[in-house]
Structures are given as structure tokens and as C-alpha cells.
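Below, each chain spelled out in residue letters.
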Amino acid sequence: MEKTTSFKLNGKNVRLTTSPDRMLLWVLRSDLALTGTKYSCGEGFCGACTVLVNNEAVLSCQYPVQNVNGKEVLTIEGLQKNGELHPLQTAFIQHNALQCGFCTPGMILKAYSLLLKNPRPSSREIVEDMEGYLCRCGSYNRIIQAIQNAAQTMKGRIS
Amino acid sequence: MKDDEYIPFDLGQSENPVTLDRREFLKLLGGGIIVSFSMGDLFALQERQWGRAYPEDFNAYLRIGEDGRVSCFTGKIEMGQGVVTSFAQMLAEELDIPLNIVDMVMGDTALCPWDAGTFGSRSTKYFGPPLRQAAAEARAVLIELAAEHLRTGPESLAAKDGIIFMKKDPAKKVSYAQLAKGKTIERHLEKKPAIKHYSKHTISGIPTDRLDSRQKVTGEAKFSGDIRVPGMLFARILRPPAHGAKLTSEQSSPASTLLLPKKSKMFRSSGIMTWSPFSTSTVMWPMKLWV
């Protein structure tokens, strides 16, 4: 049974009719061609598919599309403002906090949700919050540095 | 080597230069030391056996556009190891151009020089030297062409940032782009010029931002699973829900049972079920198909 779901995606209104139990990940990637959100394990173990729903980080591979009805979704494509990178994106570049970059969109969005709640996290708090976010290249230390550096740059002004 | 030149090798008397008991070995492993064997010679052998080699013509590796940008062609691909940046640095270094005018063209079989593939930690070692050599020769040829253009001797010229100028009168100059005109450079050198000594490097080996990082932090980077081509078909292997499960029957309309798209087809081979095209739905396991 298909149903209509309406939500705000990266600041724009989206309305689509689809099976309500499809996972948000596939709606984003296949129907809306936003492939910045990555399909990795598909089972909620790795964090690569993370998007923000009402500023909370969720695993879109485990999140039925009907659950975003009436909510705001932010994907990695929506993080730039007027072509300018978000400080987290800049910090990831400057700290070389990526190699293959496959986990990067999820890492950045998870860090974004952390900084919303805790604008000046310690490295321990970052590690604890990002537990379960996997980077096979092993850029973890640089990711932590990038998030701390972005936090300093933003001085509490996240968005 | 003659037979009598061989050093006699007696296993009974030989001493292993590295002797570790199990405890020491594990201690080393725990400390993050990984014991590995160099595959370099094997790869070189493999390459000869395939009867292919990197091209001699430097035009296969680079092209200077009319707009002054330089394309670097390589059969190697970027997968996080960083060669998209380090190869660009090598080319910029030998050609005396700024890094930010290099465009990397990687793995396109219609455009790039032959390559055995990107594996075995061998990109820098095996593709690096021919790339550097190609860029060094291109630079030397451009200096020759510039000497003719400026009616002077090549030794009185220097190159920087894609411009060749007279050392004594830098106002007299010509750019790589003006000389190459976006075309293949026909001239080659009989004697290949030497590549720069590493002590002279100002770009290669100097830390820089990755050339691909902006695309990767914005979600623009296309990984293989992100690419769609016209008429693309999708397939997926359906696996049993439990180890050792056996397929006992097939549904007449698997699409409805499995929440597959309406036009999908199911194939069965040796107990493996696949369907096509790719569903964007969750695949629910029809438990009754399996025991």
C-alpha cells in the first residue's frame, strides 16, 4: 500500500507517494537522487547512512520513510549555505579527516548533531558520542581533531 | 654465476636472523607491528608476463589545454590511498606548474594509459616513476619549443608556474598553453632528461589538502554505488535467513511475497535466488520458503 509522505528536505518541501515502510535511505538515494547519504552495512551498525531528522542523527537505513512525515530532514547535500562549506566540512578537509570518504557524510552529520547538544565536547565525549561510527580507513584521530577544531571555530554557533 | 660461486646453504647450520618465541611474537603483534613480505618483484614479473608496459610517449600521461590547465592521465584509481593528490603533485613538480591547475583523469580506459590495475600498494612505486619521467620530458620539450619561439638558447630559459621566461629578461616569456595549443606535442627527446632530485621538491612530498576532499565532505563524490547509467539493470542475491537453510519451494509471484518491484524477475540457480531490477524496498524474507 502506497502512502503520501510530506517533509522538509534540506529546506525544501518534498511530497512523495511510496510504500511507507521503505527505508528513508532508499527514498533519498533512489527516488531523490541524493547519493551523498551512503548505503554501507544496511543494518544499522556503521553510521554511514546517517541523516538528521529534526536535528537528531538517525540511521536512515533503519528509518521508515513514514516516520519523517511532517519533519525536517538534513542530508550532507544540505549542509552548505550559499555555496559555503559548513565549518565541520572545512575542518574535515583541513585535518585530512578522511581517506576514501565513504563514512564522511555520516561522520559529519553525527558530529553536527553532537555539537548542537554539546558545543564544546571533550575528545572523550566525541569518542563516546560517535561510538558505532565506523571508518575503515582509520581516520579516527583526525576526525576527533576536526570536530574539536570545528567546535572552536564555531564558538557555539552551529548552523 | 658459476656453480662454485654459490654460497653453500646448509639448513642444519643456518641461523635465522630473527628468532622470536611465541610470546615475543605476540607482543610485537600487539604493539601494532605487522610482518609482511614485499610483493614488488612478483608484480614486476606479473607485468612482464602480461606483455604490457607503460607507454613511452609522454603525451599518454598529460595534456596541456588551451586554457592552461593540465590533465594528468592514469589507469590507477583513487580509493582513499591518496594518489589523486600525490600523482598531481608529482606531475606539477616535474612540469613546474601550480598544483591547482592539474586535473586528474583516472581509470578511464578510453583516455588513460594502460595499467594492470590499482592493487598491492604499488601505484606510487610503479606508476610514479614513468609519470615523473613523462612530465620531465614534456617540460624539456616545452623549453626547446620556447627557445625557438623566443629565438634564444634553451639554457638561457627557466620555467615557473607554466611560464617559460628568459632568466635575464623575465618579460620575454611564453606559456605552456601557447606552445602546446591543446594538442599532442609531437616532439620527443632522444635522451630522456633526469627527474628532479627530491631535495629540490617544492610540491611533491609537501603536505597539502587532498584534491578530492571537498567533493567528499559535500556528498558530491560519486562512489560506484552512486552511479546510474541509462538502461542500467539491478540484481540482488537473496540469501537464506539462517545458516544451512534449504530452499524448499518457490512462490509463483515472488515479487509480492518479497515486496519486490512489480517488473522484477526472479532467477534461481543452484539454490541461489536473485531478483531484478533492484528494489528500493525492504526485502522481507518469506520464511515459509525455507526450512
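These figures come from a predicted structure and were not determined experimentally.

S.K.: In this structure, what is going on with the interface of chain A and chain B? I would like to understand it.
M.R.: Frequently, the measure chosen for interface size is the accessible area removed from exposure when the parts meet. The partner chain B presents 24 residues to the 28 residues of chain A that form the contact. The contact between chain A and chain B buries some 2,000 Å² in all, and 51% of this surface belongs to carbon and sulfur atoms. Of the charged contacts, one joins B:Asp226 and A:Lys38 as a salt bridge, the two residues approaching to 2.5 Å between their closest N and O atoms. Our enumeration of links across chain A and chain B arrives at ten residue pairs in polar contact (both at pLDDT 80 or more). At the level of elements, helix H1 (24-31), helix H2 (87-94) and helix H3 (104-117) of chain A are the ones that each hand at least two residues to the side of chain A that touches chain B. Each residue belonging to the side of chain A that touches chain B can be placed in one class, and the counts come to eleven nonpolar, eleven polar and six charged.

S.K.: I would appreciate a short explanation of the domain arrangement of chain A in the present structure.
M.R.: Residue and element names in this part refer to chain A. Partitioning chain A into structural domains gives domain 1 (3-78) and domain 2 (87-154). For the pairing of domain 1 and domain 2, the buried interface totals around 1,300 Å² over both sides, and the portion due to carbon and sulfur atoms is 67%. At the boundary of domain 1 and domain 2, one finds zero salt bridges. Among the secondary structure elements, those contributing two or more residues to the side of domain 1 that touches domain 2 are strand E3 (50-53) and strand E4 (56-59).

S.K.: Whenever I open this one, H1(A) confuses me. Can you help?
M.R.: For the α-helix, the turn length of 3.6 residues means that residues three or four positions removed from each other point alike. All names here are of chain A. The buried count for H1 comes to six of eight residues, which makes it a mostly enclosed element. Residues of H1 that are buried sit in contact with strand E1 (3-9), strand E2 (12-18) and E3. Looking at the residues trailing H1, positive phi occurs at alanine 33, about 55 degrees.

S.K.: How should I be thinking about the nonpolar core in this particular structure?
M.R.: Soluble, globular proteins show a tendency: their nonpolar side chains are buried together. Ranked by size, the top nonpolar core spans 43 residues in total, and within it B:Leu91, B:Leu95 and B:Ile164 carry the most contacts. Element by element, the count of residues in this core is highest for helix H4 (residues 123-149) of chain B, at ten residues. With near-sequence residues (within four places) excluded, B:Leu95 lies in contact with B:Val70, B:Ala135, B:Ala138, B:Arg139, B:Leu142 and B:Tyr176. In this structure, A:Ile126, A:Tyr133, A:Cys135 and A:Ile158 belong to the second largest nonpolar core, which totals 32 residues.

S.K.: Quick question: what am I supposed to make of the packing of H3(A) against helix H5 (residues 140-154) of chain A here?
M.R.: When two helices pack together, their arrangement is captured by the angle between the axes and the distance separating the axes. All names here are of chain A. Closest axis-to-axis distance for the H3/H5 pair is 11 Å, and the angle between their directions is 45 degrees. Considered as vectors, H3 and H5 are oriented oblique to each other. Both H3 and H5 take part in a crossing whose hand is right-handed. Across the interface between the two elements, Met107, Ala111 and Leu115 of H3 pack against Tyr140, Ile143, Ile147, Ala151 and Met154 of H5. Of the residues that constitute the contact of H3 with H5, the class distribution is eight nonpolar, no polar and no charged.

S.K.: How should the packing of aromatic side chains be read in this particular structure?
M.R.: The way to describe two aromatic rings as a pair is by their centre distance and the angle between their planes. Residue and element names in this part refer to chain B. Applying the stated criterion across every chain, the model contains six aromatic pairs over all chains. With a centroid separation of 5.7 Å and an interplanar angle of 40 degrees, the aromatic rings of tyrosine 61 and phenylalanine 127 are classed as tilted. Of the two residues, tyrosine 61 is situated in the loop between helix H2 (40-49) and strand E1 (62-64) and phenylalanine 127 in helix H4; the sequence distance between them amounts to 66 residues. Judged by its relative accessible area of 0%, phenylalanine 127 falls in the buried class. An angle of 65 degrees between the planes, with centres 5.1 Å apart, marks the rings of phenylalanine 87 and phenylalanine 127 as edge-to-face. Of this pair, phenylalanine 87 sits in helix H3 (residues 83-95) while phenylalanine 127 sits in helix H4, and the two are 40 residues apart along the sequence. For the pair phenylalanine 87 and phenylalanine 127, a shared accessibility class is recorded, and that class is buried. Taken together, Tyr54, Tyr61, Phe87, Trp114 and Phe127 form an aromatic cluster joined through their ring pairs.

Procedures and definitions
Residues numbered from 1 in each chain as written. Chains lettered and ligands numbered in written order. Predicted model: local features only at pLDDT ≥ 70, side-chain atom pairs only at ≥ 80, totals over all residues. Heavy atoms only, no water. Contact = heavy atoms within 4.5 Å. Buried area = accessible area lost by both parts, 1.4 Å probe. Salt bridge = Lys/Arg side-chain N within 4 Å of Asp/Glu carboxyl O. Polar contact = N/O pair within 3.5 Å; in protein donor to acceptor, adjacent residues only side chain to side chain. Helix = DSSP H or I, 4+ residues; strand = E, 2+ residues; numbered from the N terminus. Nonpolar A, V, L, I, M, F, W, Y, C, P; charged D, E, K, R; others polar. Domains from an automatic or database assignment. Buried < 20%, exposed > 50% of the residue type's maximum accessible area, 1.4 Å probe, protein only. Core = buried A, V, L, I, M, F, W, Y, C linked by side-chain atoms within 4.5 Å. Axes fitted to C-alpha atoms, helices over the stretch in contact; angles between N-to-C directions. Parallel < 35°, antiparallel > 145°, perpendicular 65-115°, else oblique. Left-handed = near helix turned anticlockwise from the far one by under 90°. Phe/Tyr/Trp six-rings, centres within 6.5 Å; stacked < 30°, edge-to-face > 60°.

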